[in-house]
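# Descriptive structure summary
Residue-level listing of the chains:
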Amino acid sequence: HSLVVARAFLASPSRSLLLLPPRLSLAHRHRSALLSLMSGGGEENHQHHHLTVSSLASGSSSSSNPSSPTASPGGSSSASEVEGDPLVQFIVMRRDLEKEMHWPTGALISQACHACVSIIWTTATDEQTAHYVHDRMHKVVKEVKDEKALLECSRHLETSGVVHKLWIEMPENIPTCIATKPYPHSFLLPLFKKLRLYK
């Protein structure tokens, strides 16, 4: 009966994550709903493809091997929640896009949204990501000076084993921001402590 309801749900135009049968696993519900929601996105959904997915064992990059739930740094999400250590995404924006290149606020917000949606989608079956999207979805937005600093930040995260998305706006080919996969706050904070909040 649950599978019949799930199929009917995914085929319906009014899709809502909260209406999926509770017997489906959390990760499966999330992935199925995201697949359904994004299946009609058209060609634009495939124009930006610079994903940095670091192997948590070796630090190497791969665009097809996101970290497994058991391999995620920072321990399990449930343990972190019990200890008062919420799951969080860190976002890093380029300050010069606003100050020197005069990008409008809406365009800057769009860049952060693109990066966040992309990394959540790519790591949808990760246990920490699945818990994150069903909770309060804490985010911290930091800033770097320019493109060089953004690329350096991405390399630092990669060597630290942090799965993240470096968003490159196309067709201009401009790296604009970074969004991490959800991790416990205590794991990410030391990596971003030197960066200023984006205000």
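For the structure itself, look to the data block above.
The following refers to the structure shown. (Residues numbered from 1 in each chain as written. Predicted model: local features only at pLDDT ≥ 70, side-chain atom pairs only at ≥ 80, totals over all residues. Heavy atoms only, no water.)

### Overview of the overall build of the chain
Broken down by element type, the chain carries 8 helices and 7 strands. Taken over 199 residues, the chain has a buried fraction of 42%. Considering only intrachain contacts with a sequence separation of at least 6, the fraction spanning at least 24 residues in the chain is 73%. Just so you have it, the chain exposes about 10,900 Å², and 56% of that area is on carbon and sulfur atoms. (Helix = DSSP H or I, 4+ residues; strand = E, 2+ residues; numbered from the N terminus. Buried < 20%, exposed > 50% of the residue type's maximum accessible area, 1.4 Å probe, protein only. Contact = heavy atoms within 4.5 Å. Areas by Shrake-Rupley, 256 points an atom, 1.4 Å probe, with all protein chains shown as cover.)

### Some remarks on the pairing of strand E2 (residues 87–94)
Where a strand is regular, its side chains alternate between the two sheet faces. Across the 8 residues of E2, 8 count as buried, placing the element largely inside the fold. Here E2 shows a buried face lined by Leu87, Gln89, Ile91 and Met93 and a second buried face lined by Val88, Phe90, Val92 and Arg94. Here 7 bridges tie E2 to strand E3 (residues 138–144), and the two strands are oriented parallel to one another. Bridge pairing links Met93 to Glu143 in E3. Taken together, the 3 bridges between E2 and strand E5 (residues 174–180) define a ladder with antiparallel strand orientation. Residue pairing for E5: Val92 is matched across the bridge by Ile178. (Pairing = 2+ DSSP bridges.)

### A few points about helix H5 (residues 105–122)
An ideal rise of 1.5 Å per residue puts 26 Å on 18 residues; H5 measures up with 26 Å between its terminal C-alpha atoms. Those residues of H5 that fall on the buried side of the exposure criterion are Leu108, Gln111, Ala112, Ala115, Cys116, Ser118, Ile119 and Ile120. (Expected span 1.5 Å × (residues − 1).)

### Notes on the packing of aromatic side chains
With the rule as written, the count across this model stands at 2 aromatic pairs. Centroid distance Phe90 to Phe192: 4.6 Å. Interplanar angle 15°. Geometry classified as stacked. With a gap of 102 residues between them, Phe90 in strand E2 and Phe192 in helix H8 (residues 185–192) connect regions that are remote in the sequence. Given the relative accessible area of 0%, Phe90 is considered buried. On the basis of an interplanar angle of 50° and a centroid distance of 5.1 Å, the ring pair of Tyr183 and Phe187 is categorised as tilted. Residue class for Tyr183 comes out buried when judged on its relative accessible area of 0%. Positioned above the aromatic ring of Tyr198, the side-chain terminus of Arg95 is 4.0 Å from the ring centre. (Phe/Tyr/Trp six-rings, centres within 6.5 Å; stacked < 30°, edge-to-face > 60°. Lys NZ or Arg CZ within 6 Å of the ring centre and 35° of its normal.)

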